[in-house]
Amino acid sequence: MSTHPFLKQTGRLFNSGQTRSLLLTGNIYDVFSVRNDVHESYVPLLDFLLKQWEPTNHILVVYEINGPIRFVRKRDEEVVRKAWTEWRTGYDPDELAIQNMLNPKKTKSLNDSVQKDFDTNLSAAIGNPTVAFEMMRQMCICSREQIHKNQNMLILIEAADLILPQGEIAHLSDSDRHRVNICHDWFSDPAFCNGGDGVIMLAESRSLINTRIAQLLSLIHISEPTRRTPIS
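Reading the values: rules and limits
- Residues numbered from 1 in each chain as written.
- Predicted model: local features only at pLDDT ≥ 70, side-chain atom pairs only at ≥ 80, totals over all residues.
- Heavy atoms only, no water.
- Buried < 20%, exposed > 50% of the residue type's maximum accessible area, 1.4 Å probe, protein only.
- Helix = DSSP H or I, 4+ residues; strand = E, 2+ residues; numbered from the N terminus.
- Pairing = 2+ DSSP bridges.
- Axes fitted to C-alpha atoms, helices over the stretch in contact; angles between N-to-C directions.
- Parallel < 35°, antiparallel > 145°, perpendicular 65-115°, else oblique.
- Left-handed = near helix turned anticlockwise from the far one by under 90°.
- Contact = heavy atoms within 4.5 Å.
- Nonpolar A, V, L, I, M, F, W, Y, C, P; charged D, E, K, R; others polar.
- pLDDT = per-residue confidence, 0-100.

J.: So, the pairing of strand S7 (residues 198-203): which residues are in play, and what are the values?
T.: With 6 of 6 residues buried, S7 is to be regarded as a mostly interior element. Here S7 shows two buried faces, one formed by Gly-198, Ile-200 and Leu-202 and the other by Val-199, Met-201 and Ala-203. Note: strand S1 (residues 21-26) against S7, 5 bridges, orientation parallel. Paired with Thr-25 across the strands is Ala-203, a residue of S7. Pairing of strand S6 (residues 153-157) with S7, which is carried by 4 bridges, proceeds in the parallel orientation. Residue pairing across strands places Ile-157 opposite Met-201, the latter belonging to S7.

If you want it as C-alpha cells, here you go:
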C-alpha cells in the first residue's frame, strides 16, 4: 500500500468502522506515482486508488460519469451477478437447485430474466447517473444480504460534484433532486452505516457537493491538497 497520508486515513476510517461513505477532495485531476519492480508510471487518482485496493479482498466497483458501472475484476462481477440473482428471485442456492429439478425451464427463464436486468442496469448507467446511483445502492443491499461478510464491496465514484450539485433542493432539476434523495437514503441507512461495504466519492471541493449530502454525519470528508508532480 502507498504511504500517502490520505490513503492511511481512509484505511483507518473504513477498518475502524467510523464511516462507510467518504468524500475525497483536492487535486483530484493530478497524476499520482505508481511503482513496480520494473518502472514508475503516473496515473489519474481513480486508477491510483484502484491500484492501492486491488490486492485486498474487496469487490471493486467503479462508476465514471460517462461510463457504465463496472467491476475491476471479472470474477467479482460474477460473484455479484450470482448474489443478485439469488436476491431478486428470493431463492438461496439450495432452493434454486430444487426449483431447477422441479421446473428447469421456468427456473432458467427466471434466472435469465434477472441476470439480463442486472446487465441492462449496469449499461443503462452510461450517461444516466440517476440509474447508476439507484443500482449501486441496491447492489449494497444485495451485498449485505447475499455476499459473504468477509468480502465487502468498495465503490469509487468520480465527479461527485457534477452528479450531486450544490443548490436549493427545490431549485434542482428533477433528476438532480432524485439523485440527492437516493444518495441521502443510501448513506444514512443504518444497515449501510453498520455494514461492511464502502463508498468513496471524488470531487474538487466539498462546497460543490449538495449540502444535503455534504453535511451528512455519516459522510466523512478527507482533503488531499498536496499537488503531485505531473509527467514532464
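After that view, the rundown keeps rolling.
J.: Quick one: what's the story with the packing of helix H6 (residues 129-146) against helix H8 (residues 174-188), residue by residue and with numbers?
T.: It is the contact of H6 with H8, at a shortest axis distance of 9 Å, that shows an interaxial angle of 15 degrees. Taken together, H6 and H8 sit at an angle that is classed as roughly parallel. Like other packed secondary-structure pairs, H6 and H8 cross with a definite hand, here left-handed. Along the contact surface, H6 presents Pro-129, Thr-130, Phe-133, Glu-134, Met-136, Arg-137 and Cys-140, while H8 presents Ser-175, His-178, Arg-179, Ile-182, Cys-183 and Trp-186. Partitioning the contact of H6 with H8 into residue classes produces 7 nonpolar, 3 polar and 3 charged.

J.: Could you give an account of the confidence of the model for the protein, naming the residues involved and the relevant values?
T.: In the predicted model, the protein carries a mean pLDDT of 86, and the fraction of residues at 70 or more is 85%. Every residue in residues 227-232 scores below 50 in pLDDT, and together they form 11 contacts with partners more than four places removed in sequence or on other chains.

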